[in-house]
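Listed here are the chains, written in short residue letters.
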Amino acid sequence: QVQLVESGGGLVQAGGSLRLSCAASGRTFSTYTMGWFRQAPGTAREFVAAIGWSGGRFFADSVKGRFTISRDNAKNTVFLQMSSLKPEDTAVYYCAARRGVLSSLQSDYNNWGQGTQVTVSS
């Protein structure tokens, strides 16, 4: 098990940028695939991006070219850099971890953070 704590959310104008961070506990962080998901009010939680233990990356079509994901294994932290933000990016963003290959399926992740709110104003 790994505990996850997200930070970096906030209010930003459309077109702006934010960087989310997810700090993980434990000594085996480097072996986990890390994912970001988001949930807007009244909608289901959806996949945003994932990064594998070897650095492979995978993005939802809705954020390709605007969001990047990276990790710092020395600091047990994964980042989501969000640029060219749109009002439709407004959501609670969740960090998740799993042992195994890259996946966009929520059911594949068994460690979740509490989420951080991102609000994009028009």
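Not measured: the values here are computed from a predicted model.

Trainee: So what's going on with the overall build of the protein chain? Residues and values would help.
Mentor: For the protein chain, the count of helices and strands is zero helices and eleven strands. Across the protein chain, helices and strands are ordered from the amino to the carboxyl terminus as β-β-β-β-β-β-β-β-β-β-β. By the compact-globule yardstick of 14 Å for 122 residues, the protein chain fits well, its C-alpha radius of gyration being 13 Å. Structurally, the protein chain occupies a C-alpha span of about 40 × 25 × 25 Å along its principal axes. The buried share of the protein chain, reckoned over its 122 residues, is 44%. The contacts in the protein chain between residues at least 6 apart in sequence include a share of 59% that link residues at least 24 apart. Carbon and sulfur atoms make up 50% of the accessible area of the protein chain, which totals about 6,100 Å².

Trainee: Let's hear about the pairing of strand β7 (residues 67–72): which residues, and what values?
Mentor: Regular strands have side chains that alternate between both faces of the sheet. Going residue by residue along β7, you find Phe67, Ile69 and Arg71 tucked away on one face and Thr68, Ser70 and Asp72 left uncovered on the opposite face. As paired strands, β7 and strand β8 (residues 77–82) are joined by six bridges and run antiparallel to one another. Each residue of the ladder has a partner; that of threonine 68, found in β8, is glutamine 81. Taken together, β7 and the strand that follows it, β8, pair antiparallel across an intervening segment of four residues, in which asparagine 76 is found at a positive phi of about 55°.

Trainee: I'd like a description of the sheet that holds β7, backed by residues and values.
Mentor: Strand order across the open sheet formed by four strands is β1-β3-β8-β7, with antiparallel pairing between neighbours. Across the chains shown, the open sheet's two edge strands, defined by having one partner strand only, are β1 (4–7) and β7. The mean inter-strand angle of the sheet, taken between neighbouring strand axes irrespective of direction, is 15°.

Trainee: Give a description of the environment of arginine 19 that names residues and reports values.
Mentor: With respect to the helices, strands and loops of the structure, arginine 19 is situated in strand β3 (residues 18–24). Between the alpha carbons of arginine 19 and serine 84 there is a distance of 12 Å; along the sequence they are 65 residues apart. Not counting residues within four places of it along the chain, the set of residues in contact with arginine 19 comprises Ser7, Gly8, Phe79, Leu80 and Gln81.

Trainee: Which residues make up the nonpolar core, and what values go with them?
Mentor: Ranked by size, the top nonpolar core spans 34 residues in total, and within it Met34, Trp36, Val78, Leu80, Met82 and Tyr93 carry the most contacts. Contributions of two or more residues to this core are made by β3, β4 (32–39), β5 (46–51), β7, β8, β9 (91–99) and β11 (116–121). Apart from the residues within four sequence positions on either side, tyrosine 93 is in contact with Glu6, Leu20, Trp36, Phe37, Arg38, Val48, Phe67, Leu80, Met82, Gly115, Thr116 and Val118.

Trainee: Lay out the side chain of glutamate 6 in plain terms, naming residues and giving numbers.
Mentor: With respect to the element layout, glutamate 6 can be found in strand β1. One buried charged residue, glutamate 6, remains without a salt bridge, the closest side chain of opposite sign being arginine 45 at 7.6 Å. From its side chain, glutamate 6 meets the backbone nitrogen of cysteine 95 in a polar contact 2.8 Å long. Excluding residues that lie within four positions of it along the chain, glutamate 6 makes contacts with Ser21, Cys22, Trp36, Tyr93, Tyr94, Cys95, Gly113, Gln114, Gly115 and Thr116.

What counts and what doesn't
- Within each chain, residues carry numbers counting from 1 in the order of the written sequence.
- Under the rules for a predicted model, residues below a pLDDT of 70 receive no local features and side-chain atom pairs below 80 are neither given nor counted, while totals for whole chains, interfaces and linings still include all residues.
- Values reported for side chains reflect all heavy atoms of the structure, with hydrogen atoms and water molecules removed beforehand.
- Elements are defined by DSSP. Helices are runs of H or I of four residues or more, strands are runs of E of two residues or more, and each kind is numbered from the N terminus.
- Within these notes, the globule rule equals 2.2 Å times the number of residues to the 0.38 power, and the radius of gyration is based on C-alpha atoms.
- Burial classes follow relative accessibility: with a 1.4 Å probe on protein chains only, a residue under 20% of its type's maximum area counts as buried, one over 50% as exposed, and anything between as partly exposed.
- We call two residues contacting when some pair of their heavy atoms lies within 4.5 Å.
- Accessibility throughout is a Shrake-Rupley quantity obtained with a 1.4 Å probe, and a residue counts as covered only by protein chains that appear here.
- The criterion for strand pairing is that DSSP finds at least two bridges linking the strands in question.
- Axes here mean lines fitted to C-alpha atoms, for a helix over just the part in contact, with angles spanning 0 to 180 degrees between N-to-C directions.
- The set of buried Ala, Val, Leu, Ile, Met, Phe, Trp, Tyr and Cys residues whose side-chain atoms join them within 4.5 Å is what this entry labels a nonpolar core.
- His is not counted, nor are the chain ends; Lys and Arg add positive charge and Asp and Glu add negative charge.
- In what follows, salt bridge is the name for a side-chain nitrogen of Lys or Arg lying within 4 Å of a carboxyl oxygen of Asp or Glu.
- Any pair of N or O atoms that falls within 3.5 Å is considered a polar contact. Within protein, one atom must be able to donate a hydrogen and the other to accept it, and sequence-neighbouring residues count only if both atoms are side-chain atoms.

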